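Topology and contacts: notes
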Amino acid sequence: MGEAKRQGNSGRIDVCSDFVIGWEEWVSLPDLGLPAIKAKVDTGAKTPALHASVIEPFGPADNPQVRFMLQPNPDNPDLEITCSAPVIDRRYVTSSNGDSEQRYVISTHIKIADRTWPIEVTLTDRSSMAYRMLLGRSAIDSDMVVDPNRSFIQPQLSFDLFRNIPHRKPIHRPLRIALLTREPENYSSRRLAEAARERGHVLEMIDTSRCYMRIGGTISEVHYDGKVLPRYDAVIPRIGASITAYGMAVLRQFASTGALCLNSAEAIGASRDKLLAHQLLARAGIGMPITTFANSPKDTRDLINIAGGSPVVVKLLESTQGRGVVLAETRKAAESLVDAFRGLDANFLVQEFVKEAGGSDIRCFVVGNKVVGAMMRSAAEGEFRSNLHRGGTARVVKLSRDERNVARLASRELGLSVAGVDILRSSEGPKVLEVNSSPGLQGIEAVTKKDVASQMIMLLESRVRPLSKTRDTITKRS
Ligand code: ADP
Ligand code: MG
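Residues numbered from 1 in each chain as written. Chains lettered and ligands numbered in written order. Predicted model: local features only at pLDDT ≥ 70, side-chain atom pairs only at ≥ 80, totals over all residues. Heavy atoms only, no water.

Concerning the overall build of the protein
Of regular secondary structure, the protein possesses nine helices and 27 strands. Once the C-alpha set of the protein is aligned to its principal axes, its extents read approximately 90 × 50 × 45 Å. In the protein, which comprises 478 residues, the proportion classed as buried is 49%. Entry remark: accessible area of the protein is about 23,200 Å², with carbon and sulfur atoms responsible for 49%. Taken as two groups, the 64 positive and 55 negative side-chain charges of the protein have centres that lie 3 Å from each other. (Helix = DSSP H or I, 4+ residues; strand = E, 2+ residues; numbered from the N terminus. Buried < 20%, exposed > 50% of the residue type's maximum accessible area, 1.4 Å probe, protein only. Areas by Shrake-Rupley, 256 points an atom, 1.4 Å probe, with all protein chains shown as cover. Lys, Arg positive; Asp, Glu negative; His and termini not counted. Charge placed at Lys NZ, Arg CZ, Asp CG, Glu CD.)

Given below as structure tokens:
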């Protein structure tokens, strides 16, 4: 294998070039403070790509920059370098597995042996790839030759070149957090602000409905009151049902500025769309009351049959606080209810009545992958709806393992990091009623005496990666 196999059979390749690189080479990226990184050379790809995580844009719109973290050695995740570079574009790139994603494009210099030249590089998560860098054909100058049969033709470097970087424990840095809410004074907002402050962070309340956006351009922005909002490390959405669609757009915009969103816009959308939510939960095998939806008034009778005849529960899809939930004790009552809702052009569902629940349901508060608190809400005398707004009362409840698992699975299935999962205890095990993406803190903290707000802030801390080392601390070796 030691023989140099130059591709002399094709006249197009300049065999006289004195700069030949193999299919893998050690390179350095001096502008980024990276003395050594192993690259795979692939002329099948156009633009070079570099592994990056925790990508954070910063700087003014006319001089956008990006900061990111990189682990140059796939075998040593402890070696982490923070880099920054000018952003020259943001592009959709389709990778070899066919996935398309929007990536930042930076310009930087690359150095192999004595030769240094400028290249464009896209930033992407390559943590699952063997090479932290991919050199595509746009980085190969016309006088260079790639020999795909050989590796390391040029001088080999080593990760030892990173040795002078001081190893520090990741620092706990204060986070800049935005709380998206239209009710800065309510209990949940105040508690979240308090918990964030106690843990050393800065939390700002932002009225979702007053945010506006500049969409397009290299850097995403959210505007408010005539100004561009600063970049936040994290966003806690508390988006009311009345502005779900606009709130989701605002949240997506925050996400594209690089802020971590405690619940994503997609997950909130899935939980608010009861039809979709039920379908997702059913797909995951999660128990729920038999639920029927229909569009046409012709199918009223059958709808009620499928939901178990009578009694059935008829719910307006927009219902909150139990307002649009009605128990129809007889088939006649059910039919007239359904007809009435249809007449009003309301969206509704018809559901099996879970009698054994005895007018009680269980609110499980999920943070991350954990149920951090649970309470049982019981309906007032003569009422089947347990909502506290309907006069229900709450008390602590001990969950079975099954109930705990169902709550975690339901929030995971909808993609929610923070969720209030409401469960009915039925003779067939736990049945999920609904999954709330902005669960209130007042009831659960009062009943369980737990600091749920701090749990939410701690989850943010664990998800926003600290930028631990700066490239300024790298001492270059000659
Ligand atoms: P909302 O979103 O308005 O709170 P829910 O679907 O949570 O509507 O229903 C309100 C309450 O009515 C529930 O907390 C529960 O106590 C009771 N309830 C709802 N659906 C059923 C059902 N299928 N069987 C028994 N009780 C139900
Ligand atoms: Mg409810």
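On we go.
So, the pattern of salt bridges
Scanning the entire structure with this criterion turns up 26 salt bridges. The partner of Glu461 in a salt bridge is Arg199, with the nearest N and O atoms 2.7 Å apart. Remark: Arg199 occurs in the loop between helix H1 (187–198) and strand S13 (202–206) and Glu461 occurs in helix H9 (residues 452–463); sequence separation between them is 262 residues. Arg231 serves as the salt-bridge partner of Asp233, at 3.5 Å between the closest nitrogen and oxygen. The exposure class of Asp233 is buried, given its relative accessible area of 9%. (Salt bridge = Lys/Arg side-chain N within 4 Å of Asp/Glu carboxyl O.)

A word on the site of ligand 1
The immediate surroundings of ligand 1 are formed by 20 residues, with Lys315, Ser319, Gly322, Glu352 and Asp361 found nearest. Relative to its unbound accessible surface of 540 Å², ligand 1 loses 97% to contact with the protein. Every element with two or more residues in the shell around ligand 1 is listed here: strand S20 (312–316), strand S22 (348–352) and strand S27 (429–436). By residue class, the composition of the shell around ligand 1 is seven nonpolar, seven polar and six charged. Two domains each provide a minimum of three residues to the shell around ligand 1, namely domain 3 (290–353) and domain 4 (359–450). (Near = heavy atom within 4 Å. Nonpolar A, V, L, I, M, F, W, Y, C, P; charged D, E, K, R; others polar. Domains from an automatic or database assignment.)

Concerning the layout of surface pockets
The space that makes up the second largest pocket amounts to roughly 760 Å³. Taken together, the elements giving at least two residues each to the lining of the second largest pocket come down to strand S5 (53–58), strand S8 (100–112), strand S9 (115–124), helix H2 (244–256), strand S18 (260–261) and helix H3 (265–272). Ranked by residues supplied to the lining of the second largest pocket, first place goes to S5 with five residues. Residues that form the lining of the second largest pocket fall into these classes: 13 nonpolar, seven polar and twelve charged. Both domains that furnish three or more residues to the lining of the second largest pocket are identified here as domain 1 (4–167) and domain 2 (176–262). (1 Å grid on protein atoms, 1.4 Å probe; cavity = no way out; pocket = protein on both sides within 12 Å on 5 of 7 lines; lining within 4 Å. Points joined across faces, edges and corners; volume = space filled by probe spheres on them.)

Description of the domain arrangement of the protein
By domain assignment, the protein separates into domain 1 (4–167), domain 2 (176–262), domain 3 (290–353) and domain 4 (359–450). Each of domain 1 and domain 3 was reduced to a C-alpha centroid, and the two centroids are 60 Å apart.

A short note on the nonpolar core
Membership of the largest hydrophobic core comes to 38 residues, with the highest contact counts inside it found for Leu32, Leu50, Phe68, Met133 and Leu135. Of all the secondary-structure elements, those providing two or more residues to this core are strand S2 (24–29), strand S3 (34–41), strand S6 (65–70), strand S7 (81–94), S8, S9 and strand S10 (133–135). Sequence-distant contacts of Leu50, that is, excluding residues within four places in its chain, are made with Leu29, Leu32, Ile37, Phe68, Leu70, Val121, Thr122, Leu123, Thr124, Arg126, Arg132 and Met133. In terms of nonpolar packing, the next biggest core, distinct from the first, is built from 26 residues, Leu203, Ala234, Val447 and Met456 among them. (Core = buried A, V, L, I, M, F, W, Y, C linked by side-chain atoms within 4.5 Å. Contact = heavy atoms within 4.5 Å.)

A short note on unusual backbone geometry
Negative phi values dominate among residues other than glycine, just as trans dominates among peptide bonds. Residues Ser310 and Pro311 are joined by a peptide bond in cis, for which omega reads 0°. With respect to the helices and strands, the residue Pro311 is situated in the loop between helix H5 (300–306) and S20. A positive phi angle is found at Val54, which is not glycine, with a value near 45°. With respect to the secondary-structure elements, Val54 resides in strand S5. By relative accessible area, which is 22% here, Val54 ends up partly exposed.

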